[in-house]
Structure formats: structure tokens, C-alpha cells
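# Structure at a glance
Residue strings, one per chain:
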Amino acid sequence: MTSSRLFSLATTFLIFILAYALCIAQFPNMLSTRVIGNLLTDNAFLGIAAVGMTFVILSGGIDLSIGSVIAFTGVFLAVAMGDWGVPPLLAIVLLLAITTVFGAVMGAMIHYLAMPPFIVTLAGMFFARGIAFLISIDSVPIKAGLYDTLHGLYFRMPGGGRLTFIGMAMLAVFLAGILIAHFTSFGRNVYAIGGNRQSAELMGVPIARTTVMIYALSSFLAGLAGIAFSLYTSAGYSLAAVGVELDAIAAVVIGGTLLTGGSGYVAGTLLGILIMGLIQTYIVFDGTLSSWWTKIVIGLLLFAFIALQRGLVWLSARRSGASAAIPA
Amino acid sequence: MVKNEPLLRADGVGKEFFGVTALSNVDFELLAGEIHALVGENGAGKSTLIKILTGAYRRDRGRVCLDGVAVDPADVKDAQALGIGTVYQEVNLLPNLTVAENLFLGREPKRFGLTDRREANRRSREILDQYGLDIDVAALLGTYSVAVRQIVAIARAVDISGKVLILDEPTASLDAAEVSRLFAILQSLKGRGLGVVFITHFFDQVYRIADRVTILRNGHKVATRPLAGLDRLELVSLMLGRELKAEEEQRAEPPDLATKPVVASFKGLSKRGRIAPFDLEMRAGEVVGVAGLLGAGRTESAELMFGIHQPDHGTIEVDGKPASFSSPRDAISRGFGFCPEDRKQDGIIDDLSVRENIILALQARRGWAKPLSRKEQEAIADRYIAALDIRTSDREKPIKFLSGGNQQKVILARWLATDPRLLILDEPTRGIDVGAHAEIIRLIGELRERGMSLLVISSELEEIVAYATRVRVLADRRHVGELPAGEITADAIMRAIAASENHGAGEAAGQAAAGTRESVA
């Protein structure tokens, strides 16, 4: 059965439930819709970006440009709506077009120039951050009617928690991601390329188109994450969101997706995001712990998950190795 | 059943790579309802021909017709659409997707614009039903055995293409029962009127399943023959490109081995899936030639002897004392040397100089804590450049600028510098010119006279005859026979190979080899 694949996901889910139970045992107040609402709102931009990262990693690649694209988005929107007087909706459409094309270009370079994704997206990371500085080096506040409207859009959950617009947006993006990953040809092709590029090619998977689409999707979602981030902070700043790509990678890996590609679930990434958010919330509740403990725990979790994945890969290799051998 | 109009026909197909002819003026024809074996040694052009037929390569010359219509597939997908499906030996389907996803990748059934998993699973069960395969199609392909994956790959190829099925060594990693199952499937496909091209190294299988066989050698077609009435000896001689000769090319002076000390002895060495248990005793001052067709287990044996792979069973003794090699380092420290077959990949280090390539093994043996001084390095390099007549303008020249024969001599020098007592050479003359060829053979003789023990693997029978003091014959991943000094001729080797591929059932050939079987596990 698909046990080993589901095993990673189940492990992640179990860890989340266990961690949450432990938190509640210590701080009963953590079991409230307020905490859950904040968990979603605070991690909305990271979650949206992590969906894109999941596709990239499923295909066996990596996208280091996400944080820079988020910063660029904030600065671009703030300056476009403010200084340039572009209508907010038009600015958003423009921005998403720019980031999507940016990702498509990176994907095309990765495929046609046969360059490692690490290098191409590293270049993209510097480039996008540089452009953000070029537009403005200041933290630019965003004042737009649209933003006020969106801030006012939320569900009041029983118990007083707010499911904000960006929290809902993140959940919607995750739903769409799950749909794309598991119910479209594009999704199959992503898994196929991540499994074995050469086999996928021999089986007729359009490698070029799929690669371009993967990175375009990732950058599009990074743009969307940037919009969520600017809604969250109500400002655009070129120094913002440094290292977010690494948080996104961490969430994807904790969510059970293999860094080597070809195996994992978008839903797992949501769990990864929630686990990371939970650790942060716990530290806030505790009040005495330094916020660096978040990083320490995430680091330990990553180590544990990488070891777990290695173990799974080793087990499955041994199994297929045994059946591959012929009696001498 | 068999129609006269060929299903697939290639006329005068040619292909060159960078000016080197890989395939020259090859004709090939496949009838509907026929299983056609394609055989030939490494480099014969089998895979080039297959890749042209399946669209992976574009041909430079010639015509390919399918059902009488000229075709020119631009890529694999194109060939699939035309009706030519392929199952490759190794690179095969995706273990990280489910069985059904593998069958329908690229042509998923859709419902409301989304892939319809239930429909794909249902149709997959239907398809696999035709092959008598009742498995969970929603499970990952990687959870099934190679045999099942192979059948899924065939099912996919037939379902997509449906006219011509090309199988590239499909049985390489299957056991006997799985091979039988595969053959039953091929028979039923044949009954459905498909044309099947079957590439294999196993003669038994050619005779079991194929109707006709086409033999390629050095990029040329040697012959296409119906298998009925073609005896094995003739097939082997067509493959190896030698006519059977009556005259004996006897080699002189068989050494008096009894007086020579045993350098190393290998008892019952085996590794599952690579080589069946074998015994071998290597004495000083002898050259053991290792003959056999490609895939017979020659390199696999040498790799166990040198610690590149660890045997599942068996013992190694060096100078009468037990030894175990967990890596080539251990073997080197006991005075072993190994020149691998693919010197480009496993032997030379392109950008290092001739000097650096020569001292590499010696330095590794001394350990990096005890570096050879530059002066010592230069002395050693100069000595071997002179001794082996390595043609290089300068000992500091990067080795990649040397010719193949000279690169081979540098690798030989690398091992000679460690002063080995047992040296294993895997295809030492492959890809080098005639002059260098003769020099390498002369060198092997000299080393033997100086008391070194050598194991030389070669596909060139004349070459083995020229230097071997006895010949080990391998077939089907087993050591099947040994020719003692007095009986080494190219014909005898060839008969031994043909007879063992026949499992000793042949008439004259079988008897000839029967007398040569001794002391083999």
C-alpha cells in the first residue's frame, strides 16, 4: 500500500496533535478559537508561499527567491498605490503578472540552460531583493481603501476568535494546492519529474513546460504571499521577509515531503506550518523563553524529520533491492 | 498468423556520433505476430538501432516504414503515437507513483477537467487483467517486484502503442519463474498480432522465445536468420565475428605451475544477483584469461576479488592466510591491483597530469600522511613513461590529451608503481589502436615472466590465446569451465562458451567443452 508515503504525513499529524495536547496541558487557554485564529493569521503569508515551495520540492527542485519576491511585492504595492497612484486592484494584478513571469523565466533558465535550481533561484533572490531596494529603501506604509475593506473581512468564530481574510486566503490556497497536486495532469507531471526525470521524459511528460509552470506557480504564490504579508503589516519594506524561503522549506520538510522529490503531500505542508506556528505561540504564552527557542525546536524537528526520511528511503531501497536481485 | 508484408521495416539505416559510425547501412524487418531477437556484443549497435526506431535518436541515413508507410519519429512520444512502444531495461516507469498513475501518465482520464482517479484505477485493473496480474493498482509501483513493474511497463507500452513492442533486455534482473511468466505474456501478444523486438544476452532465451534473430556487430548487420535450424555455435561465431577454423593457433611454453607459489585463493565467492559461487587459485607467474559473452559475470567476479563489492559467501586467502576485503583499499594493501574496464569513467582522472595519475595508487597505499616528494614522483613517472613507452610530450601533460592506448598504459603504470603481486586487467585493450594493442599484450607477457600473477578479462579471443596460461570460461553469471594451457585456442574458447550457453545439451560442442570442465564450482 501507500503506507510509507502516508506514514510521513501521519507522523507529522501525530506530532502536531501531541504538541498541541502538551501545550494545552500546560496552558489550558491555548485551546481557544482566538489562538487558532491567530495561528492562521500570523502564518498566512508563510503558508501561501510554502504551497508553492511544496510543488518545487516535489519536482526535486528548490526556490530560494521567495523571501525576496515577498519583499519586492510589499514595496511595489506600497509605492505603486501611494507614489504612482495606481488603483489598488490594478496594482495587484500587475504585481502578480510580474512575479509569475519572473518565476517562469527562472524555470526556463533551469530547464533550457540545464542549470541547477539552487543557483538560478539564488540569482533570482538577489535580483528581486535588489529591485525592491531600487524602488524604495524605506518602510512605506500602505494606505488604500481596499486594504481597510479586507481588514474588515473576517469570520467571528464561537469563542471570540477571528478567522481573518488572509487566514481564509491561506486555507483556500492550500485547498487549491491539494486539488492541483492530486487531481490534475500538471500535478501528476510534477510528481513524475520528481520521481525520475529521465523516466518521466521517456514516458512522454512535457518536462520543459512543466518545469516552467512549477517555478511560475511558486513565484505567483510568493506574490500572493507578499500581498498577504503587506495586509498583515500594512507596509512595504525591502528588508522584510529575509529568510522566509528557509522557513517555507522547513515547513515543507516537516510536512513530510521528501527533499529529493517525488513524494509528499500539500496537506502535510499545512501541518508543517501549524507545528511551527504552535511552537511560536507556546513561547509567547510561556513569556520567559527567548524567541530563539522557536529556531532551536524547529532545528531539532528538522533533524528528526530528515533522519526519519532517510530511514524510510533506506527501507524502501532495501525492499526493492531484495526483490530486484536474481538468485545467483 | 505471420503475414508477409513486414510490420516494421528499416532500410540502410545509418547513424554517426561526432564522426564515429555507430550504425552503418543496417536493414531490419519485423513481421506482425513475430518475436524477433536482436543480439550482438557491446558496441554492436543494438541500442543505437533501437533508439532510432523508438525516436530517441534521429537517423542520419536510411528509411523506416511502419505498415508500409515511411515514418520519421521526432521523439519518443511521436514513436509511441505511431505505434512503437518500448520497455527499457533500467530506466523504467516511476516507483513513486501508483500503478494506475504509471499506466495513465500523460493521458489521464478526466472528469469535469480534473483527473478521474477512480476511472483510471478501473481501467488499469481491466488492462492488467489481460496479463493475469491481479494487484492493487492504487498502490505505489515501487512496492512491487521488478517482474511486476516489467509487466506494468509492457502493459503501458502495448496500451499506448499497440503495434510494435521493443524490449531492451527485459529479463536481465528476473528469476527463472518470472522469465517464464514474461515469455507467456510475449507469446500472447504475439498471438494478438504485435511485432516484438527482443534484445537479450541470453542465448537460451533467444531459442526459447524468438522466431528469428538479427545479429549486429560493430554497427553492421551480420545476418538475420530463422532460429529453427540455426545452431548455437554458428550463432556465437556470427556474434563474435570469427569463422570456425580447423587449424590450431597453439601457444608455446605452458609454465610449470606446480612449482609456483599460490598468491591468492578464492573459495566459493558469490554475490546474489551478480555471480554464482566460484573457486579460483591464482599462482605467481601465470595469466588467467577470463572469457565469456557480455553479462556473463566477468567483471562481477573481478569486483568481488578486489573488494569493490563484498561477497555474500566465500573466503579469500592471501599467501595462505585468510583475508577479507571490505574495500579496494584492503585489497591494495595486500598487493592487489585492478585496471577497470571503463577507463574514462573509473580509471583516469582527466585533468590531472600523467605524473599525478601514475602515482595515485602508490600514494593512496602509503597513506596521505606520508607524501611522496616531488622528486620521487617525477622519478617514478619518468621510469614508467620510459618502461611502458608512454607517448607524451611531457610528464606534466593532462592525461585527457593522451590517446586511448597511452591512457591505458598510464593506468597500467599506476598499478605497476605499487608493485602488485596480483593484477586484474578488465578489457585492457578496448578502444586502443592496433600498435598499442600489441604492446599491451607484450607487457602482459613480461609481467608474467617477472612472476606477477595476472587475471585478464577480454572479449578478444585471439588476444586471450596470445597471453593466457589458462582460461576461465563464464556464462550466465557462472564459471562454467576452464581450459588448461595446452588446450587454449579461440575455437575451443568459443565452443566452451556456446556449449555452456546450451547448458551442455549440444552435440559436438557440448562434448568438446565437457572435457574442459574441471575444478569449477
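Residues numbered from 1 in each chain as written. Chains lettered and ligands numbered in written order. Predicted model: local features only at pLDDT ≥ 70, side-chain atom pairs only at ≥ 80, totals over all residues. Heavy atoms only, no water.

With an unreviewed UniProt entry as reference, chain B is termed Sugar ABC transporter ATP-binding protein, source organism Jiella endophytica. Recorded in UniProt for chain B, the comment headed Subcellular location (unreviewed entry) runs: "Cell membrane". According to the UniProt record, the Sequence similarities (unreviewed entry) comment for chain B is "Belongs to the ABC transporter superfamily." (UniProt positions renumbered as here; feature names shortened; annotations may be inferred.)

Labelled according to an unreviewed UniProt entry, chain A appears under the name Sugar ABC transporter permease YjfF, originating from Jiella endophytica. Quoted verbatim from the Subcellular location (unreviewed entry) heading of the UniProt record, the comment on chain A is "Cell membrane".

### What to know about the domain arrangement of chain B
Residues and elements named next belong to chain B. When the domains of chain B are assigned, the result is domain 1 (8–96 + 140–230), domain 2 (259–335 + 420–521) and domain 3 (346–419). Across the contact, 16 residues belong to domain 2 and 14 residues belong to domain 3. Summing the contributions of domain 2 and of domain 3, the shared interface buries around 1,400 Å²; its carbon and sulfur component is 70%. Here domain 2 is connected to domain 3 by 0 salt bridges. The interface formed by domain 2 and domain 3 contains 0 residue pairs in polar contact (both at pLDDT 80 or more). In terms of residues, the side of domain 2 that touches domain 3 owes the most to one element, helix H15 (residues 434–449), which gives 5 residues. Tallied by class, residues from the side of domain 2 that touches domain 3 come to 12 nonpolar, 1 polar and 3 charged. (Domains from an automatic or database assignment. Contact = heavy atoms within 4.5 Å. Buried area = accessible area lost by both parts, 1.4 Å probe. Salt bridge = Lys/Arg side-chain N within 4 Å of Asp/Glu carboxyl O. Polar contact = N/O pair within 3.5 Å; in protein donor to acceptor, adjacent residues only side chain to side chain. Helix = DSSP H or I, 4+ residues; strand = E, 2+ residues; numbered from the N terminus. Nonpolar A, V, L, I, M, F, W, Y, C, P; charged D, E, K, R; others polar.)

### Observations concerning the nonpolar core
Residues B:Leu165, B:Leu186, B:Phe266, B:Ile358 and B:Ile493 are the most contacted members of the largest nonpolar core, which totals 242 residues. With 12 residues, helix H3 (residues 44–58) of chain A is the largest single contributor of residues to this core. (Core = buried A, V, L, I, M, F, W, Y, C linked by side-chain atoms within 4.5 Å. Buried < 20%, exposed > 50% of the residue type's maximum accessible area, 1.4 Å probe, protein only.)

### Examining helix H4 (residues 117–129) of chain B
Residue and element names in this part refer to chain B. Its 13 residues place the ends of H4 18 Å apart at the C-alpha level, agreeing with the 18 Å of an ideal helix rising 1.5 Å per residue. Of all the positions in H4, only Ala120, Asn121, Ser124, Ile127 and Leu128 are classed as buried. Buried positions in H4, seen along its axis, are confined to an arc of 125° and lie on one side of it. Exposed side of H4, more than 90 degrees from the buried face: Arg118 and Asp129 are the residues found there. (Expected span 1.5 Å × (residues − 1). Arc of directions from axis to C-beta.)

### Brief notes about the side chain of B:Arg414
Residues and elements named next belong to chain B. Summarising the element assignment, Arg414 is placed in helix H14 (residues 404–416). By relative accessible area, which is 7% here, Arg414 ends up buried. When residues no more than four places from it in sequence are discounted, the contact partners of Arg414 are Gly347, Ile348, Ile349, Asn357, Ile358, Leu360 and Ala361.

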